[in-house]
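One-letter residues, chain by chain:
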Amino acid sequence: MKGSSGYLDSKAHYPILDGLRGVASIVVIFFHVFEAFTGGNRFIQIINHGYLAVDFFFLLSGFVVAYAYDDRWGKMTTWDFYKRRLVRLQPMVVMGSLIGAALFYFQVSPIFPNIAGTGVWMMLLIMLIGCTLIPVPISMDIRGWQEMHPLNGPAWSLFFEYIANILYAVIVRRFSKLLLSIFVSLAACMMIGYLVLGTQGDLIGGWSINKEQLFIGFTRLLYPFFVGVLLCRAGKLIHVKNAFWWCSALIVISMSIPRIGDEQHVWMNGIFDAFCVIIIFPVIVSIGAGGILHSARSARLCKFLGDISYPLYITHYPIIYIYTAWVVDNKKLIGAESMMVGLLVVVVSIVLAYACLKLYDEPVREWYMSDKGYVKYDSLRKDRKY
């Protein structure tokens, strides 16, 4: 192995954190399934705070990036770091865009007003742009939801993930603990100010290229990602028996709590969102990182959940578009039929994610690693998130 390579020897990873990432990914799917029935009303959403999974992902990512790379900068260049992150994330970004394109015309509905009038050439252009993760302006929206990635909405969070990785590599990795603490504190104030003093009272948003949505995106990114870095550097882990199950319960409960307050008191829900992201999620990560899996069954479950978490998150939404169109076009209410179809959406999404993982993502990364003469792929698998 070349000394300058970013593909360094694997570190032991945190299997419970892998599992928790998978739990949050599944919560996101259920959140999106129920979102189809809200008509855009965030006050009646079931699994109301499922959107906070994105903020949890940012925090987890900051923690594992710092754990994997903070002590490696003497052995790799900034470009080595970028290459490793691209190898980890970009293949599934491409797959998400391809799946979004393949299913695009099955999503025709009045709720997506731009699809019917979009030519194939324009859709293919957006697909190619989506494969690069370059955001498109609202003027190029082919769905009608003003998404920066109209074929695969959740890719917006990967756009911000890449920004966080660049900020970490160029600037923040050089911060002392004190300077990082100040930076994180300012980011927390920015988040609290937006949530408590703003007109929305939640962290929903970040997916459009306009001033308001970009501000939401950076508000959601800066505190959780870099408090994850700080948490790793501090090394203050919490040791709790059955950590995976306690942390999973905390994730599900915090993301399922109904909306707090009404339209005249949005600050109440803002306080809850801030409490979850600033306090609860760092505690969950500290417990998860400090926990030990004593059961082989739990270890297998965490591995499976960790393996499918990213493919699941980045490929499920094109199916959700179809489900949402079906619900709205047929004026479906929450009932036996719609819930059975919704459950089918969840199952199909998990199967699709697993297929993408085994038939595409892992082979592509293995090919790249072997082609470049870096470490063997089964070493990478031990370090698959980092």
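Residues numbered from 1 in each chain as written. Predicted model: local features only at pLDDT ≥ 70, side-chain atom pairs only at ≥ 80, totals over all residues. Heavy atoms only, no water.

What follows covers the pattern of salt bridges. Between side chains of opposite charge, a pair can form when the charged atoms approach closely. One pass over the full model with this rule turns up twelve salt bridges. With a shortest N-O distance of 2.8 Å, Arg42 and Asp202 are connected by a salt bridge. Residue Arg42 is found in the loop between α1 (15-35) and α2 (52-69), and its partner Asp202 is found in the loop between α6 (177-197) and α7 (211-234); the two are separated by 160 residues along the sequence. Classification of Arg42 as partly exposed rests on a relative accessible area of 27%. The buried category is assigned to Asp202, whose relative accessible area is 0%. Here Glu362 makes a salt bridge to Lys358, at a shortest N to O gap of 3.4 Å. Linking Glu362 with Lys358, this pair stays in helix α12 (residues 336-372), spanning four residues, or about one helical turn. Exposure remark for Glu362: the relative accessible area of 10% places this residue in the buried category. What emerges from the salt-bridge pattern is a single network uniting Arg42, Asp202 and Arg259. (Salt bridge = Lys/Arg side-chain N within 4 Å of Asp/Glu carboxyl O. Helix = DSSP H or I, 4+ residues; strand = E, 2+ residues; numbered from the N terminus. Buried < 20%, exposed > 50% of the residue type's maximum accessible area, 1.4 Å probe, protein only.)

What follows covers the packing of α1 against helix α11 (residues 317-329). Taken N-terminus to C-terminus, the directions of α1 and α11 make an angle of 20°; their axes are 9 Å apart at the nearest point. Taken together, the axis directions place α1 and α11 in an arrangement best described as roughly parallel. Handedness of the crossing formed by α1 with α11: right-handed. Residues Ile29, His32, Val33 and Glu35 of α1 form the contact with α11, whose own contacting residues are Tyr317, Ile320 and Tyr323. Partitioning the contact of α1 with α11 into residue classes produces five nonpolar, one polar and one charged. (Axes fitted to C-alpha atoms, helices over the stretch in contact; angles between N-to-C directions. Parallel < 35°, antiparallel > 145°, perpendicular 65-115°, else oblique. Left-handed = near helix turned anticlockwise from the far one by under 90°. Contact = heavy atoms within 4.5 Å. Nonpolar A, V, L, I, M, F, W, Y, C, P; charged D, E, K, R; others polar.)

This part covers the packing of aromatic side chains. All chains considered together, the criterion is met by 28 aromatic pairs. Consider the rings of Tyr14 and Tyr67, whose centres lie 5.0 Å apart with planes at 50°: the pair is tilted. On the criterion of sequence distance, the pair formed by Tyr14 in the segment before α1 and Tyr67 in helix α2 is long-range, its members being 53 residues apart. Judged by its relative accessible area of 18%, Tyr14 is buried. Ring centres of Trp156 and Trp207 lie 6.3 Å apart, and the angle between their planes is 70°; this geometry places the pair in the edge-to-face category. Placement of Trp156 in helix α5 (residues 155-170) and of Trp207 in the loop between α6 and α7 is noted, with a sequence separation of 51 residues between them. For Trp207, a relative accessible area of 29% puts it in the partly exposed group. (Phe/Tyr/Trp six-rings, centres within 6.5 Å; stacked < 30°, edge-to-face > 60°.)

On to the side chain of Ser338, then. Among the structural elements, Ser338 can be located in helix α12. A polar atom in the side chain of Ser338 sits 2.8 Å from the backbone oxygen of Leu333. Non-local contacts of Ser338, meaning those with residues more than four positions away in its chain, are made with Phe37, Tyr323, Trp326 and Leu333. (Polar contact = N/O pair within 3.5 Å; in protein donor to acceptor, adjacent residues only side chain to side chain.)

Okay, the confidence of the model for the protein chain next. In the predicted model, the protein chain carries a mean pLDDT of 93, and 93% of its residues have values of at least 70. Here residues 1-9 is a poorly scored stretch, pLDDT under 50, and it has 29 contacts once near neighbours within four places are set aside; other chains count. The model gives residues 375-386 a pLDDT under 50, and that stretch makes 43 contacts with residues more than four places away or in other chains. (pLDDT = per-residue confidence, 0-100.)

Side chains that are nonpolar tend, in soluble globular proteins, to be buried together. The biggest cluster of nonpolar side chains holds 90 residues, and the ones touching the most others in it are Leu20, Phe56, Phe63, Tyr168, Tyr223, Phe226 and Phe281. Among the elements that take part in this core, α2 stands out by supplying 15 residues, more than any other. Grouped together as the second largest cluster of nonpolar side chains are 28 residues, Ala36, Ile115, Leu312 and Ala353 included. (Core = buried A, V, L, I, M, F, W, Y, C linked by side-chain atoms within 4.5 Å.)

Moving on: the state of the cysteines. With the rule as written, the count across this model stands at zero disulfides. Cysteine Cys276 shares no disulfide, and the gap to the nearest cysteine sulfur, in Cys247, comes to 14 Å. Here Cys356 stays free of any disulfide, with the sulfur of Cys131 as its closest cysteine sulfur at 13 Å. Exposure remark for Cys356: the relative accessible area of 6% places this residue in the buried category. (Disulfide = S-S within 2.5 Å.)

Let us now look at unusual backbone geometry. What is expected of a backbone is that most residues other than glycine have negative phi and most peptide bonds are trans. For Leu133, which is not glycine, the phi dihedral falls at a positive 70°. Position of Leu133 relative to the elements: it lies in the loop between α4 (120-132) and α5. Even without glycine at this site, Asn242 takes up a positive phi of about 55°. Along the chain, Asn242 falls in the loop between α7 and α8 (243-256).

This brings us to α8. For α8, spanning 14 residues, the distance from its first C-alpha to its last is 20 Å, which sits close to the expected 20 Å at 1.5 Å a residue. Taken together, the buried positions of α8 are occupied by Ala243, Phe244, Cys247, Ser248, Ile251, Ser254 and Met255. Projected down its long axis, α8 carries its buried residues within an arc of 140°, all on one side. Exposed and oriented more than 90 degrees from the buried face of α8 are Trp246 and Ile253. (Expected span 1.5 Å × (residues − 1). Arc of directions from axis to C-beta.)

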